[in-house]
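# Understanding the architecture of this molecule
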Amino acid sequence: MAHPPPSADAERLAEERRLVASAQAGDASAFRVLVERHQSRAYALALRITRSPADAEEVAQDAFVKVWDALPGFRGDSSFSTWLHQIVARRSIDRAEVLQRRRRREAPQEAMGEPVAHVAAGDSLEAEQLQRLMAERLSKAQNLIVTLFYFEGHSVEQVGAVLGMNENTVKTHLARARAALREALQGSGEASA
Amino acid sequence: MNCETFEQQLDAGALDALAPHALAHATSCARCARALAAARALEFAFERHRATQRVAAPHAFVDGVMARVRLRQRSASNAFVRDSTPWWVGLAAQPTAVGAFALAALLAWRGPWLWTLTQQAFASGGAASSFATGMLASAPEWASALSRSVLPVSGADWTTSLAIALCLSPLALVVGYALYRAAERMFEAPIRA
């Protein structure tokens, strides 16, 4: 993966700080630029957690509005994107829980979906199978951490900042999640063998 | 290297950094070989889906956020404070407005009496320039008369009246604050695009 040179990174961060400062002073056009820059990642995160495009859009938009409201109090202790992802993640988890309850109530059989048993360790996991495996085998916290770490490309430190956990806790959750998924995959491989 | 240590290394997620003796263990242990294959399949799946699942935010996402922000600005009761006015204006506005409402209510209710009281203060001070001195000199009498007049309780001394007035003052503050918020909306700042 090609990374921009450090000076470009610093320049981008400085510009982002300027935009945040302008938005904090009430400049909606600066805030619009911030939304344009972060919309895709915010939406993607919400989509991965809620697994519903309509809800993801709603949640991500809500998160941006919440960010606008809370901007005057933003002190810049973390980066703007970390802060935004924190808000998106929290709101998405809340929405996902509501959706999960609703799905269970409306279609208890369908909610179970197809078993993942036919996926052997040697096969490649399809996106849907991977998502289902995560939903079935991981706790909410583990699922979220795996999503942020593997799909969003956050570092352990950034995941900790987003979720308000220390790095060791994140590492522990990641290790347990890997073990749970691996065991599920091994088990399904053995079952299908 | 035993199976437990090997699995701990898999849980840590550093598959590329597995030591040669760990890999050697996997070749001699069927269980650990399956675990390694499952771990690699998972890492591969995460990597593949991270690359392929780049999602773009829906069309008009930004416009949706900005429309909600504008709506928020219109309805936000602190839009006036968010504008370019210095922070201390916002800080001072609320108590000042509450005080103004309270004074207006007092004038409407006990206007002539307040006027008489002011005249008495002038008279005891001797001149307009010593108004403040006169007010200070007559402060005990003024407080007593105020409490008796504002909340006359038949058969009670002035301290009882004062105590009742103090108990009711939070109510007056709440009403004053509500009136202030209503008035504030009339002077909401124009919305900037």
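In case you missed it, the structure is sitting above this.
Quick look at the structure, then. Just so it is clear, the structure is predicted and the values come from calculations on it, not from any experiment.

Assigned secondary structure in chain B consists of nine helices and zero strands. Beginning at the N terminus, the succession of helices and strands in chain B can be written as α-α-α-α-α-α-α-α-α. Buried residues in chain B amount to 30% of all 193 residues. Expressed as a percentage of contacts within chain B between residues at least 6 apart in sequence, the contacts between residues at least 24 apart total 52%.

This brings us to the interface of chain B and chain A. Chain B puts 40 residues into the contact, and the matching count from chain A is 47 residues. Roughly 4000 Å² is buried in total at the junction of chain B and chain A, and carbon and sulfur atoms are behind 59% of that figure. Summed over the shared surface of chain B and chain A, the result is five salt bridges. Among the ionic pairs, B:Arg68 bridges to A:Glu58, the shortest N-O distance being 3.9 Å. Between chain B and chain A we count eight residue pairs in polar contact (both at pLDDT 80 or more) in total. Elements supplying a minimum of two residues to the side of chain B that touches chain A: helix H1 (3-12), helix H3 (30-52) and helix H4 (61-75) of chain B. Broken down by element, the side of chain B that touches chain A gets its largest block of residues, 15 residues, from H3(B).

All names here are of chain A. One can describe the packing of helix H2 (residues 28-50) onto helix H4 (residues 80-106) by two numbers: an axis separation of 8 Å at closest approach and a directional angle of 35°. Note on packing geometry: the crossing formed by H2 with H4 is right-handed. Packed against H2, whose contacting residues are Leu34, His38, Arg41, Ala42, Leu45, Ala46, Ile49 and Thr50, the element H4 presents Phe80, Ser81, Leu84, His85, Val88, Ala89, Ser92, Ile93, Arg95, Ala96, Leu99 and Arg103 at the interface. Considered class by class, the residues forming the contact of H2 with H4 number 12 nonpolar, five polar and three charged.

This paragraph deals with the packing of aromatic side chains. Across all of its chains, the model carries eight aromatic pairs over all chains by this definition. When the centroid spacing of 5.9 Å and the interplanar angle of 75° are considered together, the rings of A:Phe64 and B:Phe61 count as edge-to-face. Of this pair, A:Phe64 sits in helix H3 (residues 53-70) while B:Phe61 is found in helix H4, placing the two residues in two different chains. In this pair, the class of A:Phe64 matches that of B:Phe61, namely buried. Through a chain of ring-to-ring contacts, three or more aromatic side chains come together here, namely A:Phe149, A:Tyr150, A:Phe151 and B:Phe46.

We now examine a nonpolar patch on the surface. Where nonpolar side chains cluster on the molecular surface, the patch consists of B:Leu168, B:Leu171, B:Val175 and B:Leu179 and spans about 360 Å² of accessible area. Secondary-structure assignment places B:Val175 in helix H9 (residues 158-186).

For the rest of this paragraph, the subject is the nonpolar core. Counting 62 residues, the largest nonpolar core has A:Phe31, A:Leu71 and B:Phe46 as the members making the most contacts within it. When we break this core down by domain, the ones giving at least three residues each are domain 1 (17-117) and domain 2 (118-193) of chain A. With residues near it in sequence (within four places) discarded, A:Leu71 still touches A:Val20, A:Ala23, A:Gln24, A:Phe31, A:Phe80 and A:Trp83. Counting 11 residues, the second largest nonpolar core, distinct from the first, contains B:Phe6, B:Leu10, B:Ala26 and B:Ala39.

Let us now look at unusual backbone geometry. Backbone geometry places A:Arg51, a non-glycine residue, at a positive phi of 60°. Along the chain, A:Arg51 turns up in the loop between H2 and H3. Of note in the backbone geometry, B:Ala60 takes a positive phi value of approximately 70° without being a glycine. Within the fold, B:Ala60 resides in the loop between H3 and H4.

Another aspect to go through is the pattern of salt bridges. Under the criterion given, the structure shown has 12 salt bridges over all chains. A:Asp62 is the salt-bridge partner of B:Arg68, the closest N and O atoms lying 2.1 Å from each other. Linking B:Arg68 in helix H4 with A:Asp62 in helix H3, this pair reaches from one chain into another. Residue class for B:Arg68 comes out partly exposed when judged on its relative accessible area of 24%.

To continue, consider the environment of A:Ala63. All names here are of chain A. Along the polypeptide, Ala63 turns up in helix H3. When the C-alpha positions of Ala63 and His85 are compared, they lie 8.7 Å apart, and in sequence the two are 22 residues distant. Ignoring any residue separated from it by four or fewer positions in sequence, one finds Ala63 in contact with Ile87, Val88 and Arg91.

Criteria and cut-off values
Residues numbered from 1 in each chain as written. Chains lettered and ligands numbered in written order. Predicted model: local features only at pLDDT ≥ 70, side-chain atom pairs only at ≥ 80, totals over all residues. Heavy atoms only, no water. Helix = DSSP H or I, 4+ residues; strand = E, 2+ residues; numbered from the N terminus. Buried < 20%, exposed > 50% of the residue type's maximum accessible area, 1.4 Å probe, protein only. Contact = heavy atoms within 4.5 Å. Buried area = accessible area lost by both parts, 1.4 Å probe. Salt bridge = Lys/Arg side-chain N within 4 Å of Asp/Glu carboxyl O. Polar contact = N/O pair within 3.5 Å; in protein donor to acceptor, adjacent residues only side chain to side chain. Axes fitted to C-alpha atoms, helices over the stretch in contact; angles between N-to-C directions. Left-handed = near helix turned anticlockwise from the far one by under 90°. Nonpolar A, V, L, I, M, F, W, Y, C, P; charged D, E, K, R; others polar. Phe/Tyr/Trp six-rings, centres within 6.5 Å; stacked < 30°, edge-to-face > 60°. Patch = residues over 30% accessible without salt bridge, like charges linked within 9 Å, V, L, I, M, F, W, Y side chains within 5 Å. Areas by Shrake-Rupley, 256 points an atom, 1.4 Å probe, with all protein chains shown as cover. Core = buried A, V, L, I, M, F, W, Y, C linked by side-chain atoms within 4.5 Å. Domains from an automatic or database assignment.

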